[in-house]
Amino acid sequence: MSKETQTVQASSSAVESHAGSCDAEMQLLNDAVRSLPYPVVRDLLSIGVCSRCVLRLFGTEEHIYCRSSFSQSMLRSILEEIACFKSEVEFQFCTVCLGILQFCYCDDKEMVVKKESANDMALSIAELVKQEGHQIDGFSLEVSLLPLILENESSLLSHMKKKYESEPWFQERLLSKCVSVKDVLKFAITKPLETLLDAKSSASSFRIRLTYTHKRASKSSVERNWECKRRKTGTRLHNVNDESVVADKNCSPIETNAVTGRSSNSLQDQEPSEHFGFPIEKVSEPCHLVYLCYRTHIYLCGRYLKYSRNVSQTRWIIDEERMGEASVEEIIGSNILPMCQGDNYKFHAAGREDIDVRMLGSGRPFLLEIQNARQVPSDVIVEEIESKINGLENKLVGIKNLKVVGSQGWTLIREGEAEKQYCALVWISRPLEDEDLRSISLLNDMKILQKTPIRVLHRRSPLEREKIIHWMKIERIAGSSQYFLLHLCTQAGTYIKEFVHGDLGRTQPSIGSILGCRAEILQLDVTDVKMDCFLTE
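Residues numbered from 1 in each chain as written. Predicted model: local features only at pLDDT ≥ 70, side-chain atom pairs only at ≥ 80, totals over all residues. Heavy atoms only, no water.

As annotated in an unreviewed UniProt entry, the chain carries the name tRNA pseudouridine(55) synthase and comes from Durio zibethinus.

A. Highlighting the overall build of the chain. Helix and strand counts for the chain come out as 15 helices and 22 strands. Taking as baseline every contact in the chain between residues at least 6 positions apart, the subset at least 24 positions apart corresponds to 77%. Looking at the chain as shown, the accessible area adds up to about 27100 Å², and 50% of this sits on carbon and sulfur atoms. (Helix = DSSP H or I, 4+ residues; strand = E, 2+ residues; numbered from the N terminus. Contact = heavy atoms within 4.5 Å. Areas by Shrake-Rupley, 256 points an atom, 1.4 Å probe, with all protein chains shown as cover.)

B. Here's a closer look at the layout of surface pockets. When its volume is computed, the second largest pocket comes out at roughly 380 Å³. In this structure, the second largest pocket is lined by 19 residues; those nearest its centre are R352, D354, K420, T494 and Y495. Counting residues per element, the ones that place at least two in the lining of the second largest pocket are β17 (419-428), α14 (496-501) and β22 (519-530). Each of domain 2 (297-415) and domain 3 (419-529) gives at least three residues to the lining of the second largest pocket. (1 Å grid on protein atoms, 1.4 Å probe; cavity = no way out; pocket = protein on both sides within 12 Å on 5 of 7 lines; lining within 4 Å. Points joined across faces, edges and corners; volume = space filled by probe spheres on them. Domains from an automatic or database assignment.)

C. Spotlight on helix α6 (residues 147-164). Here α6 is 18 residues long and its end C-alpha atoms lie 25 Å apart, about the 26 Å a rise of 1.5 Å per residue gives. With 14 of its 18 residues buried, α6 lies for the most part within the structure. (Expected span 1.5 Å × (residues − 1). Buried < 20%, exposed > 50% of the residue type's maximum accessible area, 1.4 Å probe, protein only.)

D. Structural view of the pattern of salt bridges. Inspection of the entire model under this criterion finds 25 salt bridges. R430 is the partner of D436 in a salt bridge, and the nearest nitrogen-oxygen pair spans 2.9 Å. Neither residue differs from the other here; D436 and R430 are each classed as buried. By sharing partners, the salt bridges in this structure join R352, D354, D356, R455, K497 and E498 into a single network. (Salt bridge = Lys/Arg side-chain N within 4 Å of Asp/Glu carboxyl O.)

E. Region of the structure containing the pairing of strand β20 (residues 483-491). Here 9 bridges tie β17 to β20, and the two strands are oriented antiparallel to one another. Each residue of the ladder has a partner; that of Y422, found in β20, is L488. Between the antiparallel neighbours strand β19 (residues 464-476) and β20 lie 6 residues, among them G479 with a positive phi of about 80 degrees. (Pairing = 2+ DSSP bridges.)

F. Quick peek at the nonpolar core. Counting 77 residues, the largest nonpolar core has L44, I100, I189, I208 and Y212 as its most contacted members. Of all the elements, helix α8 (residues 181-197) adds the most residues to this core, at 7 residues. The residues contacting Y212, other than those within four sequence positions of it, are I100, M121, V143, S144, L145, L146, L185, C287, H288 and L289. Within the second largest apolar cluster, 61 residues are counted, among which are I385, V426, I428 and L488. (Core = buried A, V, L, I, M, F, W, Y, C linked by side-chain atoms within 4.5 Å.)

G. Structural view of the packing of helix α10 (residues 328-340) against helix α11 (residues 379-390). It is the contact of α10 with α11, at a shortest axis distance of 10 Å, that shows an interaxial angle of 150 degrees. It follows that α10 is roughly antiparallel to α11 by the angle criterion. Handedness of the crossing formed by α10 with α11: right-handed. Where α10 approaches α11, its residues I332, N335, I336 and M339 are matched on the opposing element by I381, E384, I385, K388 and I389. Considered class by class, the residues forming the contact of α10 with α11 number 6 nonpolar, 1 polar and 2 charged. (Axes fitted to C-alpha atoms, helices over the stretch in contact; angles between N-to-C directions. Parallel < 35°, antiparallel > 145°, perpendicular 65-115°, else oblique. Left-handed = near helix turned anticlockwise from the far one by under 90°. Nonpolar A, V, L, I, M, F, W, Y, C, P; charged D, E, K, R; others polar.)

H. Quick peek at unusual backbone geometry. Along the chain, Q508 connects to P509 via a cis peptide bond; the corresponding omega equals -15 degrees. Residue placement: P509 occurs in the loop between β21 (507-508) and α15 (511-515). Unlike most non-glycine residues, L98 shows phi in positive territory, near 60 degrees. Within the element layout of this structure, L98 appears in the loop between α4 (72-83) and β1 (104-106). Within the chain, N401 stands out as a residue other than glycine whose phi angle is a positive 60 degrees. Tracing the backbone shows N401 in strand β16 (residues 397-405).

I. Up close: the packing of aromatic side chains. Applying the stated criterion across every chain yields a total of 6 aromatic pairs. Relative to F93, the ring of F91 has its centre 5.3 Å away and its plane inclined at 90 degrees; by these criteria the two rings are edge-to-face. Residue F93 is classed as buried on the basis of its relative accessible area of 9%. Ring centres of Y304 and F366 lie 6.4 Å apart, and the angle between their planes is 50 degrees; on these two criteria the pair is classed as tilted. (Phe/Tyr/Trp six-rings, centres within 6.5 Å; stacked < 30°, edge-to-face > 60°.)

J. The arrangement of helix α2 (residues 38-46) in detail. Along α2, the positions that sit buried rather than exposed are V40, V41, D43, L44 and L45. G48, located one to two residues past α2, shows a positive phi value of around 90 degrees.

K. Inspection of the packing of α2 against α4 at higher detail. Viewed as axis vectors pointing N to C, α2 and α4 meet at an angle of 125 degrees, and their least axial separation amounts to 9 Å. Between α2 and α4, the crossing angle belongs to the class labelled oblique. Here α2 runs over α4; the crossing is left-handed. Across the interface between the two elements, Y38, V41, R42 and L45 from α2 touch R76, L79, E80, I82 and A83 from α4. Considered class by class, the residues forming the contact of α2 with α4 number 6 nonpolar, no polar and 3 charged.

L. Quick peek at the environment of P192. Following the sequence through the fold, P192 ends up in helix α8. As for P192 and A118, which are separated by 74 residues in sequence, their C-alpha atoms are 7.7 Å apart. Ignoring any residue separated from it by four or fewer positions in sequence, one finds P192 in contact with S68, A118, N119 and A122.

M. Representation of the environment of H348 in the model. Among the secondary structure elements, H348 is positioned in strand β14 (residues 344-349). Here the side chain of H348 touches E369 through a polar contact of 3.0 Å, side chain to side chain. (Polar contact = N/O pair within 3.5 Å; in protein donor to acceptor, adjacent residues only side chain to side chain.)

N. Geometry of the confidence of the model for the chain. Summing up the model confidence of the chain, the mean pLDDT is 82 and the portion of residues at 70 or higher is 82%. Ignoring residues within four places in sequence, the model shows residues 3-20, a span with pLDDT below 50, making 2 contacts including any to other chains. A low-confidence stretch, residues 232-276 stays under pLDDT 50, and its non-local contacts, those more than four residues away or across chains, total 89 contacts. (pLDDT = per-residue confidence, 0-100.)

Printed below as a string of structure tokens:
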């Protein structure tokens, strides 16, 4: 058998399989529709309830009405034929779901958009995702609905309960199997989205969010709140028939979570509310829909080194004048953001050093938060970013151990610094003696008291803090008797400059008081930040 013949036969089999599948689905739909109470279907259609809402209210088995290939017009014609009903108008927006399950909505230009099927709706969403340039391997679909839809359902339930409560199907189907608008919408468009995006629906960091609003919703909410206040005071109200009624003292409007759109999946969880009017008001226009596709924040962590004494950690502006020639935040962020194609970034670090202090040694842990990244950098790209930053001509900043991490990076960096090591260039007012080296080296875990330094009193609370100097060591500088390098390890949060010169007696003891002379710090480097996070594995 030739390859051409095999290909034709395979294609023919695929077509037959698809046709068989469609026939089976159509048979399921017909069977489901025939099981419905025809007078009730006629009643619902006559008050403007759409086909999918009719079927979901009855909890039609296997959610056959959610199949993406079934158009609204097809479902409508089948229901009208079974119920022997013919609408006086060719099309109207659903009085319950406000057009959501008819795949109708108003766009940003306030133009009414009508999609024939879930496939068409999914195609619009997929095109948006592709236009945004997102790289995805999965997606999470979020739907945000307005409380007005639940109010409409409550009104409908109240009407149907009065009219059909004695019917056997009412308790069996309407109360126990009703499916929410949100779930029906998600059932309908998830499968075609998976096909169009070539990605599975999952608990993904990439989110597709559909937010529905309606002009009637805000008006309804205001009126309901006003009515609730009157009900709480026992004020007599008038229903639509102008009959005086006394409302319950407690008025609890139906609510829905604005983020997930979660609501009760069955009408039995909803108490019929007399203050929701019936018949439900006709809908002249559908909901306004806002599409949003975004990725939750991604994080890149590592350790930075600062080689310049004129670079601040973050962008520093005073009276519209920049302090320093650059910042660690801007150098790292501006090189990583384009590679991730994100909207913005935020820089977080484990502590900070002054602008005139270098960060050397193992580096300081940092976390860069990228907002709405279109691309998640691979290990190869991350290495390229690290090489690019480390290869910059000005050599102001370097990074090491750069990698992509999850939100657990926050937990690690919030642990804070435990200890830090420094190297300070110190001058004293007398020649350095051998006894000074010995006496300093013997001071281990020495407690000191530091009042808030004078240089930061304008922005820090005036407090007294106890800190620990774990160890110190003096290193002589050849050819100099009054200059030396002081190596020390301290508890995080110790003011090193003040520990050297004493800050006019506000730090006790200090290097000056220990050596019995005047001491000044000329330069300072951080040589190690003792934290377990973001080290080379």
